[in-house]
Structure formats: C-alpha cells, structure tokens
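Now for the letters of each chain:
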Amino acid sequence: MVGIVAAVGLVACVPEAPAPTPTAGATGGGDAYFPASGNGGYDVGHYDLTFDYDPATKALEASAVVKSTATQSLTSFSLDLRDLTVSAVTVNGTPATFAHTGGELVVTPANPLLAGNTFTTVVAYSGTMTQPVDGTGSLYGWVAFDDGAFVANEPEGASTWYPVNDVPTDKATYTFEITVPDGTTAVGNGDLVSQVSSGGHTTFRWVSHEPMASYLSMAASGNYTLSTDSTSKGLKIVNAVDDDLSPADQAATADVLAQQPDMIDFFEPMFGPYPFSSFGAVVDDDVDPQYALENQTRPIYSGAPDSATVAHELAHQWYGNKVTLAAWKDIWLNEGFATYAEWMWTEHTGGDTVADNYDFVTGIPAANAFWTVPVADPGPDDLFSAATYYRGGAFLESLRRTVGDTAFFAILRQWADTSPTEPVTTADLLALSETVSGQQLDTLFDDWLYQPTKPTPVP
Ligand SMILES: [Zn+2]
C-alpha cells in the first residue's frame, strides 16, 4: 500500500517501516538434545485430530487440523511427521504444496503468511502403524499392538502419529476423534464428550481444554473398560483398564487405582490445587513398553501399576505437565520432583520413608557409574537414566535438610504455582530456592546437579 501511494504521488509522507520480507520457517525447534524436533515461525493454539484405526490391519486414516499463529512472516513452514503418507495439505482452505522427507513436512502455502496472523493447516494422511523406537531403542509414540495402540510420546514421539510442532514449550489445546471397531475403546486426554456407534465402528471424542505439551498427548486404544470415580472435592477420574489383564492383575489394578483420590487429597495441600479438569489412568495389558508415562490428565501404564508409580505419574501433573521444561536437559525437574513425591506417598502409606530412600541413594558407592551423570545436563542418551530420578529426588531431600521444612514446602508450592506458559530451567529453581530460604544455594545445586561425582550427603 505504501508503494502504490508513493507511485501515484497523492501523498507526501514519511514512509512506514517496510513489512518484514516473508522467509521460510526453521525446520528445527532449537532444543540442544533434539534439534530436529519442533519448528520455527509459528505457535500452535489447537490441534483437532481425527483418526480411523483398525488394530487388526494397523491401518490408519487420519486428518489433522492445526490452528496456529505466525510469529514471523512465512513463505513456508514445517511440521514434524514421521513414516506416514501425506495425501493433501490446505492452508486457510486453499491447497498448499508440500514436501515430506526426513520427518519434516514442509508446507508452502499459496500466499505468504504474515506475522501475527492466525492460520489453519489441514493435513490428510495415512499409513500402517508400527512399533517406533526413540534414540535409545525404547518403544514410544503410537506403538501398535494386536488389540490397539499404546501411546507415549516422550520426548519427541508425537510425530509418529500426527503432524506437530514437537517441542514441550508449544502447548496447545486438543480434540481427538478416534474411530475404532466396535468392542475396542479409544482414550484421549481430558474429557470424553461423546461415544457414537454406527456400522460396526465406534467414534470416541475426547477434548483437552487445558493447553498441553505434545509429548503428553495420547490416542490410545485397546480392549479397555472405562470406569469413573471422583475425589472428595468432586474432581472427575476416568480410568481405562484392559480386559486382557489376568484376574490377579485386574484385582491389583483396581486396588491401586482406587487410591487415586487419596493421592490427590494427599498432594494438594503440598503442591496446590490439582491443575487440570480430570485425572485417571490407562492400564494396558501389553507390557513390552515396560514403562509408564504421565500423559496429561491420564497417565498410561504398560501392565498393572503399583501404588508408588501411580503417585509418581500423578505428581507429574503439577511437575512437568503444568510446570513445563524449557529444554530437555532439565528433565530432572520433572523426574526428581515426581520421584520425591513418590517417596512421600510411600512414607505416608507406611512403606519406606523419604529418609530410607535418601539413605539408599547416598549409600551408592562413589565409584559407581550412577554418580557420573550430571543430572541437570545428562545428555540425550541418559535422559531417563536412574540418576535423573534418584539423584534428582535425593537432591530435593538435600535441599529440604539444608533449608528446613518450612522453606522447602514453600518452594514446592511456589514452584508448582509457576505459570503453565512460562517454561522453567534449573536456574529458575535455584533463584526461587534462594529467595524463599534466604540462603546461598549455588554450591548445593552445583554439587548435586552439575558435577559428575558423588556429592556429600546432608545429615
Ligand atoms: Zn516420571
């Protein structure tokens, strides 16, 4: 517009600053451990994901509606998507050209996108689902089994099942519409808003109103039976338990899941109000993944969980899910807090005390390789090492013994009060801990979190 006015000479005025020239968005999100994950130039607000899945053939037909805001003017942008076949992409309703190689779906809209504007991308795609693994060989993402799918994305496995800006810092709301054969149950995060059967298939629609990191998203399926419960304050709990578990595992699972309301009641006075609109569990009979993940509002477990594990995944709803990592190197901020919470629950229920666990960890000999992992920057291969959990948890007990209970529980509470949209680092925890306690804590943090050697236990 400025150019046209100047050309016809109607107005003499000071020219406006030129609009930024649109450029291609970055194809990586900038995390030091997973630089190819995530993308640049936009921020996702909402994913509306539709799946038609047949566990027998593992065939997936899917469509993703991704609503975003451009953070720079873009000639093109990319989404992370692995091993699936894209058939069509539109941007704001107009067909876009795309290239899909090396896990990057690069989309070139018909017209450049201007910084600050919202835009809607629709991706139609399909494929045969498999059993993807992460960089350490561990199953993750959409893991296909004969009766459905176990879904656990951490750290960057969401791209195995939908086009995504796969970094923890780009939180979004989600809807999941999952169609499976009658008899199979599909489970997403948040609330089940409808379940409709037609022509031999059932469509489950789940809505996650609260912004969520992509690694916590889920569209699991299996021979699950849904059941509900609630806490003393009326928080809804929705559980999905696999009918294929043995009778003994069914009984053990029922006993443990019945403790979830008591766990929430135990943690809330320490951590603050439970941060989401619902909670619950997906308990899958397929044990191959051999782990549990704290999927937002509804953790998933491979096999019958024990009480300590459920307490751990519950604690992540505050520490990790609400309070979000700025970078994967700070993973101990998730796992150390969840491990410490697990220890507190175990002590509360008459098992090992926090002190017992501290003695166990600090009893590991200095020559053990356990102490070589600096947990505040463990490296991508040691992201989920034992040290991330136990050295992280033992550090928090060291902090408690150093600052005293009053300051320690104030730190726990104020850390959980961090805004869900302000990602955190270990330096932020140090700053908070020093402010609350009035003590210099650099050395304690450095010895316990950054050094590849055994720190001195705090008596
Ligand atoms: Zn954990």
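One can find the structure itself at the top, above this paragraph.
Conventions and cut-offs
- Residues numbered from 1 in each chain as written.
- Predicted model: local features only at pLDDT ≥ 70, side-chain atom pairs only at ≥ 80, totals over all residues.
- Heavy atoms only, no water.
- Axes fitted to C-alpha atoms, helices over the stretch in contact; angles between N-to-C directions.
- Helix = DSSP H or I, 4+ residues; strand = E, 2+ residues; numbered from the N terminus.
- Parallel < 35°, antiparallel > 145°, perpendicular 65-115°, else oblique.
- Left-handed = near helix turned anticlockwise from the far one by under 90°.
- Contact = heavy atoms within 4.5 Å.
- Nonpolar A, V, L, I, M, F, W, Y, C, P; charged D, E, K, R; others polar.
- Donors = N, O, S within 2.8 Å, 3.2 Å for Na, K, Ca; no water.
- Buried < 20%, exposed > 50% of the residue type's maximum accessible area, 1.4 Å probe, protein only.
- Pairing = 2+ DSSP bridges.
- Salt bridge = Lys/Arg side-chain N within 4 Å of Asp/Glu carboxyl O.
- Phe/Tyr/Trp six-rings, centres within 6.5 Å; stacked < 30°, edge-to-face > 60°.
- Arc of directions from axis to C-beta.

*Asks:* In this structure, what is going on with the packing of helix 7 (residues 386–403) against helix 10 (residues 442–450)? I would like to understand it.
*Replies:* Angle between the axes and distance between the axes: these two values describe a pair of packed helices. Remark: helix 7 packs on helix 10, axes separated minimally by 10 Å, with the N-to-C direction vectors making an angle of 165 degrees. Here helix 7 lies roughly antiparallel to helix 10, going by the angle between them. Two packed elements cross with a definite hand, and for helix 7 against helix 10 that hand is right-handed. Residue-level contacts link Arg 391, Ala 394, Phe 395, Ser 398, Leu 399 and Thr 402 of helix 7 to Leu 444, Phe 445, Asp 447, Trp 448 and Leu 449 of helix 10. Across the contact of helix 7 with helix 10, the residue classes tally to 7 nonpolar, 2 polar and 2 charged.

*Asks:* For this particular structure, what's the right way to read the coordination of the zinc ion?
*Replies:* For a metal bound by four donors in a tetrahedral arrangement, the ideal donor-metal-donor angle is 109.5 degrees, while six donors in an octahedral arrangement ideally sit at 90 or 180 degrees. On the protein side, the zinc ion has His 312 (NE2), His 316 (NE2) and Glu 335 (OE) as donor atoms, found 2.0 to 2.1 Å from it. On the primary sequence, the residues serving as donors to the zinc ion are separated as H-x3-H-x18-E. In this pair, His 312 and His 316 both sit in helix 4 (residues 307–316), 4 residues apart, roughly one turn of the helix. You'll find His 312 and His 316 in the same group, each marked buried.

*Asks:* I keep staring at the sheet that holds strand 1 (residues 23–24) and nothing clicks. Help me out?
*Replies:* What holds strands together in a sheet is hydrogen bonding between their backbones, with the strands either parallel or antiparallel. Strand order in the open sheet formed by 4 strands is 1-4-8-7, with mixed pairing between adjacent strands. Unpaired on one side and paired on the other, strand 1 and strand 7 (97–101) mark the two borders of the sheet. In terms of strand pairing, strand 4 (residues 74–80) meets strand 8 (residues 104–108) through 4 bridges, oriented antiparallel. Of the residues in strand 8, the one forming a bridge with Ser 78 is Val 106.

*Asks:* Help me understand the sheet that holds strand 15 (residues 201–212), please; the structure alone is not making it clear to me.
*Replies:* One open sheet holds the 8 strands; their spatial order is 6-5-9-3-2-12-15-14, and the pairing between them is mixed. With partners counted over all chains shown, the strands left at the sheet margins are strand 6 (94–95) and strand 14 (191–198), one partner each. Inspection of the sheet shows strand 2 (residues 42–54) paired to strand 3 (residues 59–70) by 12 bridges, in the antiparallel sense. Considered in strand 3, the bridge of Thr 50 is made with Ser 63.

*Asks:* Can you walk me through the packing of helix 5 (residues 332–348) against helix 7 in this structure?
*Replies:* Look at helix 5 against helix 7: their axes get within 7 Å of each other, and the N-to-C directions meet at 70 degrees. Judged on the interaxial angle alone, helix 7 and helix 5 are roughly perpendicular. Judged by the twist between their axes, the crossing of helix 5 over helix 7 is right-handed. Listed contacts from helix 7 to Trp 332, Glu 335, Gly 336, Phe 337, Thr 339, Tyr 340 and Trp 343 of helix 5 are Thr 388, Tyr 389, Tyr 390, Gly 392, Gly 393, Ala 394, Phe 395, Leu 396, Glu 397 and Arg 400. Of the residues contributing to the contact of helix 5 with helix 7, the split by class is 9 nonpolar, 5 polar and 3 charged.

*Asks:* How do you make sense of the side chain of Thr 231 when you look at a structure like this?
*Replies:* Tracing the sequence through the fold places Thr 231 in the loop between strand 17 (224–230) and strand 18 (236–242). Setting aside residues no more than four positions away along its own chain, Thr 231 makes contact with Ile 237, Pro 261, Ile 264 and Asp 265.

*Asks:* How should I be thinking about the pattern of salt bridges in this particular structure?
*Replies:* Where charged atoms from two side chains of opposite charge come close, those side chains can pair. Taken as a whole and assessed by the stated rule, the structure comprises 7 salt bridges. A salt bridge links Asp 146 to Lys 58, with the nearest nitrogen and oxygen atoms 3.1 Å apart. You can see Asp 146 sitting in the loop between strand 10 (141–145) and strand 11 (148–152) and its partner Lys 58 sitting in the loop between strand 2 and strand 3, a full 88 residues away along the chain. Taking the relative accessible area as the measure of exposure, Asp 146 reaches 66% and is therefore exposed. Owing to a relative accessible area of 18%, Lys 58 belongs among the buried residues under this scheme. Lys 233 is paired through a salt bridge with Glu 268; the nearest N and O atoms lie 2.9 Å apart. With Lys 233 in the loop between strand 17 and strand 18 and Glu 268 in helix 3 (residues 260–271), this pair connects stretches of sequence that are 35 residues apart.

*Asks:* Would you mind showing me how to read the packing of aromatic side chains here?
*Replies:* Aromatic ring pairs: the centre-centre distance and the angle between the two ring planes describe each pair. Counting across every chain of the model gives 37 aromatic pairs. Plain terms: the ring middles of Phe 271 and Tyr 319 are 4.9 Å apart, the flat faces sit at 80 degrees to each other, and that makes the pair edge-to-face. In this pair, Phe 271 sits in helix 3 while Tyr 319 sits in the loop between helix 4 and helix 5, placing the two residues 48 residues apart along the sequence. Each member of the pair, Phe 271 together with Tyr 319, is buried. Relative to Trp 448, the ring of Trp 371 has its centre 6.3 Å away and its plane inclined at 75 degrees; by these criteria the two rings are edge-to-face. Of the two residues, Trp 371 sits in the loop between helix 6 (354–362) and helix 7 while Trp 448 sits in helix 10, which places them 77 residues apart along the sequence. Neither residue differs from the other here; Trp 371 and Trp 448 are each classed as buried.

*Asks:* I'm lost on helix 6 in this one. Help?
*Replies:* Given 3.6 residues to a turn, an α-helix orients residues that are three or four positions apart in the same direction. Of all the positions in helix 6, only Val 354, Asn 357, Tyr 358, Val 361 and Thr 362 are classed as buried. Mapping the buried residues of helix 6 onto a view down its axis gives an arc of 125 degrees, with all of them on the same face. If you follow the buried residues of helix 6, they end up packed against helix 5, helix 7 and helix 10.

Limitation: the analysis is restricted to geometry and does not speak to function.
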